[in-house]
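Okay, here's what each chain looks like letter by letter:
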Amino acid sequence: MIQKLISKIEKTHAPIVVGLDPMLNYIPKQIQEKAFKEYGETLKGAGEAIWQYNKEIIDHVYDLIPAVKPQIAMYEQFGIEGLIAFKKTVDYCKEKDLVVIGDVKRGDIGSTSAAYAVGHLGKVQVGSQKFAGFDEDFATVNPYLGTDGIKPFIDVCKEEKKGIFVLVKTSNPSSGEFQDRLIDGRPLYEIVGEHVAAWGEECMGDKYSYVGAVVGATYPEQGKILRKIMPKAFILVPGYGAQGGKGKDLVHFFNEDGLGAIVNSSRGIIAAWKQEKYAKYGEAAFAEASRAAVEDMIADIDGALKNR
Ligand SMILES: O=C(O)c1cc(=O)[nH]c(=O)n1[C@@H]1O[C@H](COP(=O)(O)O)[C@@H](O)[C@H]1O
């Protein structure tokens, strides 16, 4: 799957991911009203509204981008109905030939991680049959339980030729509270980065590993260091747009080959219609606003990479 991600980035010239993190207050009234008319103001109505909203955005951007990243919490808050919308979204994106990064941030003791890995990336055995549960292409994984929490994901990735992105240095303001703590004089995120590089050696594609990392756009200096520590890991870079990250902050996340990083924006794309910059599109043309925001993001990152 890392090969597919790379070839799609090369084809689109767009090292970006659209984050599908729907909230009801981003969803235009016309979609909500239609869903509520059919299913009432219920969890099912909310799930339907999310699905219709996602579908329209995907239809307007899929040809510009290599990948999407649905964030499962945004769906889980609506219970089973939300998870149905999550699964419909995953399947629809795959139909559109997009790489799907399930942002599930899992990780537990080995036996429990194995179940998460099977549920999101692998196949579960039922009697004589095997079934894929959510069936994303990549999943985000929390490494803070150590190697035995990661290994089951790697095993499934090898079997299924899928991949993971391991949280190394997150984009949020408090990320330094633990991740920057010095251990033998070195920040914890560097140590985690070294482990990502070592885990990645076990499952290499041609040039890049199936084991990638997450490093926030909001920490460009740390990104530069981590790029060197994990030369063969693809870095998923969230924090662009709504969290303040800009194209010029991102250049050091990329390798000289122009690959090695993929930048996510969620609210900045899917809720573009709410920003002043894209207000001219209005609520009804929300998906056109998303397309314009994707084009602007591609141009911003492309410009920054050309000028580095
Ligand atoms: O793993 C992630 O994707 C992630 C890691 C991180 O350090 N920071 C971060 O913002 N994310 C996710 O990236 C998305 C960012 O959303 P926006 O700030 O709206 O672009 C959300 O889905 C976050 O959960």
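Cut-offs used in this document
Residues numbered from 1 in each chain as written. Predicted model: local features only at pLDDT ≥ 70, side-chain atom pairs only at ≥ 80, totals over all residues. UniProt positions renumbered as here; feature names shortened; annotations may be inferred. Pairing = 2+ DSSP bridges. Helix = DSSP H or I, 4+ residues; strand = E, 2+ residues; numbered from the N terminus. Axes fitted to C-alpha atoms, helices over the stretch in contact; angles between N-to-C directions. Buried ≥ 20, exposed ≤ 12 C-beta atoms within 10 Å, placed from the backbone. Parallel < 35°, antiparallel > 145°, perpendicular 65-115°, else oblique. Left-handed = near helix turned anticlockwise from the far one by under 90°. Contact = placed C-beta atoms within 7 Å. Nonpolar A, V, L, I, M, F, W, Y, C, P; charged D, E, K, R; others polar.

Identification of the protein as Orotidine 5'-phosphate decarboxylase from Fusicatenibacter faecihominis is taken from an unreviewed UniProt entry. On record in UniProt, under Catalytic activity (unreviewed entry), the comment for the protein is "orotidine 5'-phosphate + H(+) = UMP + CO2".

Caption draft 1: Structural view of the sheet that holds strand S7 (residues 163–169). The eight strands lie next to each other as S1-S2-S3-S6-S7-S10-S11-S12, forming a closed barrel whose pairing is parallel. Between one strand axis and the next, the sheet turns through 30° on average, direction left out of account. The sheet contact formed by strand S3 (residues 99–106) and strand S6 (residues 138–141) spans three bridges and is parallel. Pairing of Arg-106 across the sheet is with Val-141, part of S6.

Caption draft 2: Spotlight on the UniProt feature "active site" (unreviewed entry) in the protein. Sequence positions flagged by UniProt for "active site" (unreviewed entry) are, in local numbering, Lys-105. With respect to the secondary-structure elements, Lys-105 resides in strand S3. When the 16 C-beta atoms within 10 Å are taken as the criterion, Lys-105 is described as partly exposed.

Caption draft 3: The packing of helix H3 (residues 43–61) against helix H5 (residues 79–95), seen in detail. Contact pair H3 / H5: the axes reach a minimum separation of 8 Å and the direction vectors enclose 20°. Judged by the inter-axis angle, H3 sits roughly parallel to H5. Of the two possible hands of crossing, H3 and H5 adopt the one that is right-handed. On H5, the residues that touch Leu-43, Lys-44, Ala-46, Gly-47, Ile-50, Trp-51, Asn-54, Lys-55 and Ile-58 of H3 are Gly-79, Glu-81, Gly-82, Ile-84, Ala-85, Lys-88, Thr-89, Tyr-92 and Cys-93. Split into classes, the residues belonging to the contact of H3 with H5 amount to nine nonpolar, five polar and four charged.

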